[in-house]
Amino acid sequence: MAKVGIFFGTDTGRTRMIAKTIAKKIGPDTAKPVNIRTAIVEDLLDYDVLILGTPTYGEGELPGKSTGNQTESWEEFIPKLNGHDFNGKKVALYGLGNQKSYGKNFGSAVRYLYDAFTSCGAEIIGGAWDTGNYQFIYSKAVIDDKFVGLILDEETQKELTDERLDKWLEGIRPVWT
């Protein structure tokens, strides 16, 4: 069985493409990425290491039916975590945002994943991501001047995505190797 499970929420497909890129970069230690709309909590519990991705919608919201998604996503999945124990699980988070058009809530949806999984006992890895090379006003995903996970801007900083992914993965790779 693969050591790393990758789950993502998406509507446009960008977060899925990043999940696929991450899986390629990790190699055989990862399972095929799964859209969270098709997953159940037990699917996530099958892994000791999880990589979870989400875009940010509107005013810093998770994707889901209320944000105009055609299908369910993280918004509907998060409540299903209640009562589940993620102690011993290591969770790395990544999110997509647009710092130019949505600088007042840049990458904020990642914070909801952070709060939900830490409340269930998971240990967040790959957090404390430097905010210095971004231009935004505010993000809920910032704690102590650092992002709680990797934030990517495929709109205004796409050229930095590959480098950021490599650096982030280098930092979390020791967890499963």
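Residues numbered from 1 in each chain as written. Predicted model: local features only at pLDDT ≥ 70, side-chain atom pairs only at ≥ 80, totals over all residues. Heavy atoms only, no water.

Caption draft 1: Broad picture of the sheet that holds strand β6 (residues 129-130). Spatial ordering of the open sheet is given by β6-β8-β7, a layout of 3 strands whose pairing is antiparallel. Only two strands of the sheet have a single neighbouring strand rather than two, namely β6 and β7 (142-143). Direction of pairing for β7 relative to strand β8 (residues 146-147): antiparallel, over a ladder of 2 bridges. Following the sheet pairing, Ile-143 is matched in β8 by Lys-146. (Pairing = 2+ DSSP bridges. Helix = DSSP H or I, 4+ residues; strand = E, 2+ residues; numbered from the N terminus.)

Caption draft 2: Seen up close, the pairing of strand β4 (residues 90-96). Burial runs high along β4: 6 of the 7 residues are buried. Where strand β3 (residues 49-55) and β4 come together, 7 bridges link them in parallel fashion. Considered in β4, the bridge of Pro-55 is made with Leu-96. Sheet analysis places β4 next to strand β5 (residues 123-125), joined by 3 bridges and oriented parallel. When the bridges of β5 are listed, Ala-92 appears paired with Ile-125. Assessed by its sense of winding, the connection that carries the chain from β4 through helix α4 (residues 109-119) to β5 is right-handed. Looking at chain direction, β4 and strand β9 (residues 150-152) are connected through 3 bridges and run parallel. Paired with Tyr-94 across the strands is Leu-150, a residue of β9. (Buried < 20%, exposed > 50% of the residue type's maximum accessible area, 1.4 Å probe, protein only. Right-handed = clockwise from strand over helix to strand, strands pointing away.)

Caption draft 3: Spotlight on the pattern of salt bridges. Per the stated rule, a full pass over the model turns up 8 salt bridges. When the shortest N-O distance is used, the salt bridge between Glu-123 and Lys-90 registers 2.9 Å. Of the two residues, Glu-123 sits in strand β5 while Lys-90 sits in strand β4, which places them 33 residues apart along the sequence. On the basis of relative accessibility, which here comes to 40%, the residue Glu-123 falls in the partly exposed class. By sharing partners, the salt bridges in this structure join Lys-25, Asp-162 and Asp-166 into a single network. (Salt bridge = Lys/Arg side-chain N within 4 Å of Asp/Glu carboxyl O.)

Just distances and angles here, no functional claims.
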